[in-house]
Amino acid sequence: MNSADFASLLCSRLCHDLVGPVGALYNGVELLVDEHDPEMRARCMELLSDSARQTANKLKFFRLAFGAAGGFGDQVDTREAQAALEGLFGAERRVAVQWMIGNPALPKDAVKLLLNLAMIAGDALLRGGELRVAAEQTGEGVELAVRAEGPRMLLDPELRAALGGETPVAQLTPRAAAAYLVHLLLKETGSSLQISEPDEGVLVFGTRLAV
């Protein structure tokens, strides 16, 4: 798969995640134009506000997870990454994010890995739960760990295969784009990803990124 094809997959994933809140914005504007009851107009404004916030949160997250986070610098502010992840899951309040990173900045690839792994783990929490994200930079590299725990956990086999680079590139779908991006980032640095065995209620990702 060439870079253009993979970029298309990422764009398709981004559009899929944005179509809901953007569509709600459009519907809210249409309702507002035709509605004259003050109470209903107030509810329309609430809908518009919620949809705009969701759209902005998703764009901030994908800018860091998929895009050129932090411009052309080598480091990314971890506070920005924390805010992006909490914004992605914070609106629904079904996933509680525990950010366990003390470093003020981390290498750009490490942040991309963390955010994409956290998104995958959070999406696997079908009924919500807790998402712990940790990282520690040492002289040898950056240790990364993501742990998700909840009453019902399901990591799609398609994503597990893409994380390990086991999916033929011709069969990759937009749904697996983030997982395949993780695989590519790890491959570039000669690192590998440890994934916990399927266990009811718990999913753990771990890796050491050489820098």
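Everything numeric in this text was worked out from a predicted model, so none of it was measured. (Residues numbered from 1 in each chain as written. Predicted model: local features only at pLDDT ≥ 70, side-chain atom pairs only at ≥ 80, totals over all residues. Heavy atoms only, no water.)

### Structural notes on the sheet that holds strand β4 (residues 129–138)
Sheet strands pair via backbone hydrogen bonds, and the direction of the pair is either parallel or antiparallel. Definition in use: Criterion used throughout: strands pair if DSSP finds at least two bridges between them. For the purposes of this entry, the term helix denotes a DSSP run of H or I that reaches at least four residues, the term strand denotes a run of E that reaches at least two, and both are numbered from the N terminus. Angular values range over 0 to 180 degrees, each being the angle between N-to-C directions of two axes fitted as lines to C-alpha atoms, with helices fitted over their stretch in contact. For this analysis, residues touch if any pair of their heavy atoms sits within 4.5 Å.
Spatial ordering of the open sheet is given by β2-β4-β5-β7-β6, a layout of 5 strands whose pairing is mixed. Where the open sheet ends on each side, the last strands, each with one partner, are β2 (95–100) and β6 (193–195). Across the sheet, the mean angle from the axis of one strand to that of its neighbour is 10°, orientation sign disregarded. For strand β5 (residues 141–149) and strand β7 (residues 202–209), the ladder comprises 8 bridges, and the chain directions are antiparallel. Note that in β7 the partner of valine 142 across the bridge is leucine 209. Of the strands in this sheet, β2 and β4 are in contact with helix α3 (residues 78–90), which crosses β2 at around 170°.

### A closer look at helix α4 (residues 108–123)
For an α-helix, 3.6 residues make a turn, and residues three or four places apart therefore share a direction. Rule in force here: A helix's residues, less one, multiplied by 1.5 Å, set its expected span. Type-normalised accessible area, obtained with a 1.4 Å probe on protein chains alone, sets the label of each residue: buried when under 20%, exposed when over 50%, and partly exposed for intermediate values.
The terminal C-alpha atoms of α4, which comprises 16 residues, lie 23 Å apart, in line with the 22 Å expected from a rise of 1.5 Å per residue. In terms of residue burial, α4 counts as a mostly covered element, since 14 of its 16 residues are buried.

### A closer look at the confidence of the model for the protein
Definition in use: Per-residue confidence from the predictor is given as pLDDT, running between 0 and 100.
Here the protein shows a mean pLDDT of 89. Residues at 70 or above account for 96%. β6 holds the highest mean pLDDT among the elements of the protein, 96, whereas helix α1 (residues 3–34) holds the lowest, 86.

### Description of the environment of glycine 141
With respect to the helices and strands, the residue glycine 141 is situated in strand β5. By relative accessible area, which is 1% here, glycine 141 ends up buried. In sequence terms glycine 141 and aspartate 34 are 107 residues apart; their C-alpha atoms lie 58 Å from each other.

### Things to note about the pattern of salt bridges
What counts here: A pairing counts as a salt bridge when a side-chain nitrogen of Lys or Arg comes within 4 Å of a carboxyl oxygen of Asp or Glu.
Within the structure shown, the criterion is met by 10 salt bridges. We note a salt bridge from arginine 13 to aspartate 123, for which the minimum N-O separation is 3.6 Å. Residue arginine 13 is found in helix α1, and its partner aspartate 123 is found in helix α4; the two are separated by 110 residues along the sequence. Arginine 53 is the salt-bridge partner of aspartate 50, the closest N and O atoms lying 2.5 Å from each other. Here arginine 53 and aspartate 50 lie together in helix α2 (residues 38–65), a separation of 3 residues that amounts to about one turn. In this structure aspartate 50 comes out as partly exposed when scored by relative accessible area, which is 36%. Among the charged side chains, a network of salt bridges with common partners joins Arg13, Asp17 and Asp123.

### Observations regarding the packing of α1 against helix α6 (residues 177–189)
Selection criterion: The labels follow the angle: roughly parallel below 35 degrees, roughly antiparallel above 145, roughly perpendicular from 65 to 115, and oblique for the rest. Residue polarity follows a fixed list, in which Ala, Val, Leu, Ile, Met, Phe, Trp, Tyr, Cys and Pro are nonpolar, Asp, Glu, Lys and Arg are charged, and the others, Gly among them, are polar.
Packing of α1 against α6 brings their axes to within 9 Å, and their N-to-C directions diverge by 135°. Accordingly, the angle class assigned to the pair α1 and α6 is oblique. Between α1, through Phe6, Leu9, Leu10 and Arg13, and α6, the contact on the second element is made entirely by Ala177, Tyr180, Leu181 and Leu184. Classifying every residue of the contact of α1 with α6 by side-chain character gives 7 nonpolar, no polar and 1 charged.

### As for the packing of aromatic side chains
Put simply, the rule reads: Each aromatic pair joins two rings of Phe, Tyr and Trp (for Trp, the six-membered one) with centres within 6.5 Å, and gets the label stacked for planes under 30 degrees apart, edge-to-face for over 60, and tilted for any other angle.
Enumeration according to the criterion identifies 3 aromatic pairs in this entry. When the ring of phenylalanine 6 is compared with that of tyrosine 180, the centres are 5.6 Å apart and the planes differ by 70°; the resulting orientation is edge-to-face. Separated by 174 residues along the polypeptide, phenylalanine 6 in helix α1 and tyrosine 180 in helix α6 bring together distant segments of the chain. The two residues phenylalanine 6 and tyrosine 180 agree in class, both being buried. Ring centres 5.0 Å apart and planes at 35° place the aromatic pair phenylalanine 62 and phenylalanine 66 in the tilted group. Put simply, the rings of Phe61, Phe62 and Phe66 pair up and form one aromatic cluster.

### So, the packing of α4 against α6
Rules: Left-handed is the label given to a crossing in which the near helix is rotated counterclockwise from the far helix by less than a right angle, and right-handed is the label when the rotation is clockwise.
α6 packs onto α4 with a crossing angle of 150° between their chain directions and a minimal axis gap of 9 Å. Like other packed secondary-structure pairs, α4 and α6 cross with a definite hand, here left-handed. Facing α4, whose interface residues are Asp109, Lys112, Leu113, Asn116, Leu117, Met119 and Ile120, α6 presents Ala178, Ala179, Leu181, Val182, Leu185 and Leu186.

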